[in-house]
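Geometric and topological summary
For reference, the chains in residue letters:
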Amino acid sequence: MGWIDQISRALEKWGSISLKKMPRTIVVTGMGGSGCVGDYIYSLAWNSGKASAPIIVVKNYRLPSFVSEKDLVFVISYSGNTLETIKAYRQAISKGSMVVIVTSNGYLLREAYEKEIPLIKVKEGLVPRTALPEMLYGVLGVLDSSGISIVSKEEARKSLEFLKREINNVLDTANKLAETIHESNRNLVIATHTPLEVLAIRGKNEFNENSKIPVKIEVSPEWAHNDIVGWEKPVDKNWLVIILSDPVDKVGENLANFMEEVYREAGLETYTIELKGDSLLEKLIYGSLLFGLASVKLARLRNINPLETKSIRKYKERVDKVIIT
Ligand code: F6R
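What you see as residue numbers is a count from 1 along each chain, following the sequence as written. The model is predicted, so local features are restricted to residues of pLDDT at least 70 and side-chain atom pairs to those at 80 or more, both for listing and for counting; the totals for chains, interfaces and linings are taken over all residues. The side-chain values count all of the structure's non-hydrogen atoms but skip hydrogen atoms and water molecules.

Re the pairing of strand β9 (residues 269–274)
Taken together, the six bridges between strand β8 (residues 239–245) and β9 define a ladder with parallel strand orientation. By the bridge assignment, valine 241 is partnered in β9 with threonine 270. By convention, a crossover is right-handed whenever its connection, traced from the first strand over the helix to the second and viewed with the strands pointing away, goes clockwise. For the purposes of this entry, the term helix denotes a DSSP run of H or I that reaches at least four residues, the term strand denotes a run of E that reaches at least two, and both are numbered from the N terminus. Where the polypeptide runs from β8 across helix α9 (residues 250–265) and back to β9, its parallel neighbour, the crossover connection is right-handed. Only when DSSP finds a minimum of two bridges between them are two strands counted as paired.

Things to note about the nonpolar core
Residue types Ala, Val, Leu, Ile, Met, Phe, Trp, Tyr and Cys, when buried and joined through side-chain atoms within 4.5 Å, form a set referred to as a nonpolar core. Only protein chains enter the accessibility calculation, which uses a 1.4 Å probe; a residue whose area is less than 20% of its type maximum is buried, one above 50% is exposed, and one in between is partly exposed. Membership of the largest hydrophobic core comes to 74 residues, with the highest contact counts inside it found for Ile41, Phe74, Leu136 and Phe207. Among the elements that make up this core, the one with the highest residue count is helix α10 (residues 280–301) (eleven residues). Listed in part, the 15 residues of the second largest apolar core include Ala88, Tyr89, Ile101 and Ile117.

Quick word on the site of the ligand
We call a residue near a molecule or strand as soon as one heavy atom of that residue lies within 4 Å of the molecule or strand. Near the ligand there are 14 residues, and of these Ser34, Ser77, Ser79, Thr82 and Arg129 occur at the shortest range. Under the rule applied, a polar contact is a pair of N or O atoms within 3.5 Å (in protein, one hydrogen donor and one hydrogen acceptor; residues adjacent in sequence only if both atoms are side-chain atoms). Between the ligand and glycine 33, the relevant distance is 2.9 Å, taken from an oxygen atom to a main-chain nitrogen or oxygen of the residue. Side-chain polar atom of serine 79 to an oxygen atom of the ligand: 2.7 Å apart, as the coordinates give it. Methods summary: accessible areas were calculated by the Shrake-Rupley approach with a probe of 1.4 Å, and residue burial reflects only the protein chains presented. Within the complex, the protein chains bury 93% of what would otherwise be the 400 Å² of accessible surface of the ligand. Of all elements in the fold, only α2 (32–47) and α11 (310–322) reach the threshold of two or more residues within the shell around the ligand. In terms of residues, the shell around the ligand owes the most to one element, α2, which gives three residues.

Some points on empty space enclosed by the protein
Left-over empty space is what a probe sized like a water molecule reveals as it rolls over the atoms. In the cavity and pocket records, a cavity denotes points on a 1 Å grid over the protein atoms alone where a 1.4 Å probe fits but cannot get out, a pocket denotes an open set with protein on both sides within 12 Å along at least 5 of 7 lines, and lining residues are residues with an atom within 4 Å of a point. Grid points are joined across faces, edges and corners, and a volume is the space filled by probe spheres set on the points. Taken as a whole and assessed by the stated rule, the structure comprises one cavity of 30 Å³ or more. If you add up the space inside the largest cavity, you get close to 40 Å³. Every element with two or more residues in the lining of the largest cavity is listed here: α2 and α7 (197–211). It is α7 that contributes the most residues to the lining of the largest cavity, four residues altogether.

Side note on the packing of helix α6 (residues 153–184) against α10
Interhelical geometry of α6 versus α10 gives an angle of 35° and a closest axis separation of 7 Å. Between α6 and α10 lies a crossing of right-handed hand. Throughout, the ten residues Ala, Val, Leu, Ile, Met, Phe, Trp, Tyr, Cys and Pro are labelled nonpolar, Asp, Glu, Lys and Arg are labelled charged, and all others, Gly among them, are labelled polar. Looking at the contact of α6 with α10 residue by residue, the class counts come to 20 nonpolar, five polar and six charged. In this description, a line fitted to the C-alpha atoms serves as the axis of each element, helices being fitted only across the stretch in contact, and the angle between N-to-C directions of two axes falls anywhere from 0 to 180 degrees. Whether a crossing is left-handed or right-handed is set by the direction in which the near helix is turned from the far one by less than a right angle, anticlockwise for left-handed and clockwise for right-handed.

Notes on the pattern of salt bridges
By convention in these notes, a salt bridge is any Lys or Arg side-chain nitrogen within 4 Å of a carboxyl oxygen on Asp or Glu. For the structure on display, the rule yields 19 salt bridges. Arginine 129 is the partner of glutamate 209 in a salt bridge, and the nearest nitrogen-oxygen pair spans 3.0 Å. Note that glutamate 209 is positioned in helix α7 and arginine 129 in the loop between β5 (119–121) and α5 (132–145), a separation of 80 residues in sequence. Residue glutamate 209 is classed as buried on the basis of its relative accessible area, which comes to 17%. Of the residues examined, arginine 129 reaches a relative accessible area of 5% and is grouped as buried. The partner of lysine 276 in a salt bridge is glutamate 166, with the nearest N and O atoms 3.8 Å apart.

What to know about the packing of helix α3 (residues 83–94) against helix α4 (residues 106–115)
To describe two helices that pack against each other, one gives the angle between their axes and the distance between the axes. Running from amino to carboxyl end, α3 crosses α4 at an angle of 25°, the nearest separation of the two axes being 11 Å. Between α3 and α4, the angle is such that the two are roughly parallel. Across from Thr85, Ile86, Tyr89 and Arg90 in α3, the residues of α4 making contact are Tyr107, Leu108, Glu111 and Lys115. When grouped by side-chain class, the residues that make up the contact of α3 with α4 number four nonpolar, one polar and three charged. Under this scheme an angle from 65 to 115 degrees is roughly perpendicular, one under 35 degrees roughly parallel, and one over 145 degrees roughly antiparallel; angles in between are oblique. In what follows, a contact means two residues having at least one pair of non-hydrogen atoms within 4.5 Å.

Description of the sheet that holds strand β3 (residues 72–77)
Reading across the sheet, the five strands line up as β2-β1-β3-β4-β5 and stay open at both edges, with parallel pairing between neighbours. The open sheet has two free edges, formed respectively by β2 (55–58) and β5, since each of these has just one partner strand. Averaged over all pairs of adjacent strands, the angle between strand axes in this sheet comes to 15°, irrespective of strand direction. The pairing of β3 with strand β4 (residues 98–103) spans six bridges and is classified as parallel. Pairing of serine 77 across the sheet is with threonine 103, part of β4. On the sheet, α2 packs against β1 (26–29), β2 and β3 and is oriented at approximately 160° with respect to β2.

Some details on the pairing of β2
Sheet topology note: the β1/β2 ladder contains four bridges and is parallel. In the strand pairing of β2, threonine 29 is matched with valine 58. Following the backbone out of β1, through α2 and into the adjacent parallel β2, one traces a crossover that is right-handed.

Digging into the sheet that holds strand β7 (residues 215–220)
Working definition: the strands of a sheet are paired by backbone hydrogen bonds and lie parallel or antiparallel to each other. Taken in spatial order, the four strands line up as β7-β6-β8-β9 in an open sheet, and their pairing is parallel. Of all the strands in the sheet, just β7 and β9 have a single pairing partner and so form its edges. Strand after strand, the sheet turns through a mean of 20° between neighbouring axes, direction not considered. Where α7 meets the sheet, its contacts fall on β6 (187–193), β7 and β8, and the angle it forms with β6 comes to roughly 165°.

With respect to α4
Of the residues making up α4, those classed as buried are Gly106, Leu108, Leu109, Glu111 and Ala112. Among the residues trailing α4, glutamate 116 stands out with phi positive, at a value near 50°.

So, in structure tokens, the structure goes:
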């Protein structure tokens, strides 16, 4: 519910970093809640209609081998201490790439200060996944003021007004969705059409981390070339299918309707969500907040603490013994 403040803060800082050199490609690296910023940038760039440099999303401890001093690397880690992201950052530095750090704290914050690396410093003290808007709009602001705009400041400002108008409606819709999932007592499939796959991934991550349930993602039209067959003889039918569609996208809506028909014929329950918003950015913000709030409400209905992610902590305690490079 703090997203209005986050976007307002990012808009105040919009234009504070502008890069002098045009990059060949834009690499966005990070993991989990920070990594999903890269997915959003990729999707917004793909659909913006503006000529941007190609976007490469890296959720890994290694950058692609072609990355060089010609490329721009956004290194995103809310905590500033994620090992995979730190390793990717060190590679970017050793290859001489242009680097921008997005963080609130930790090792990466110290590096930015010590080495005078361009820094988007986001507010500290949150769990990383909830800081999506401040990190996302921070990156969009740097791109816009560096002559490689994907979203203009005006479009970003409009999305803030949109969120202010819609926030109560999002909360109501999220509560209904959470109650439906809770009553069904099933695992989730989030089924959607392009270009909304980023939102399906974000929704999956939110239900995983906040509500502690497994979630499967299915995206058309690719879905119709493989997943669809898996529903001919599923091992069990313990799935609730959330159909996520954009009513303004007629092809997308047709695909979503077809998906719904197939799931129903397979004997699965479905629940439809239609996105709101004029631009893709508005739709992504609407859908992300909807899934975020629904996943927190579902955690409460299940008597689970949405903030705690014990298994991620267990992995992070061991990661330096797992990833030895
Ligand atoms: C926790 C969360 C995780 C983290 C991930 C990487 O809220 O969403 O997915 O984002 O473990 O950590 P950071 O974001 O600190 O680099």
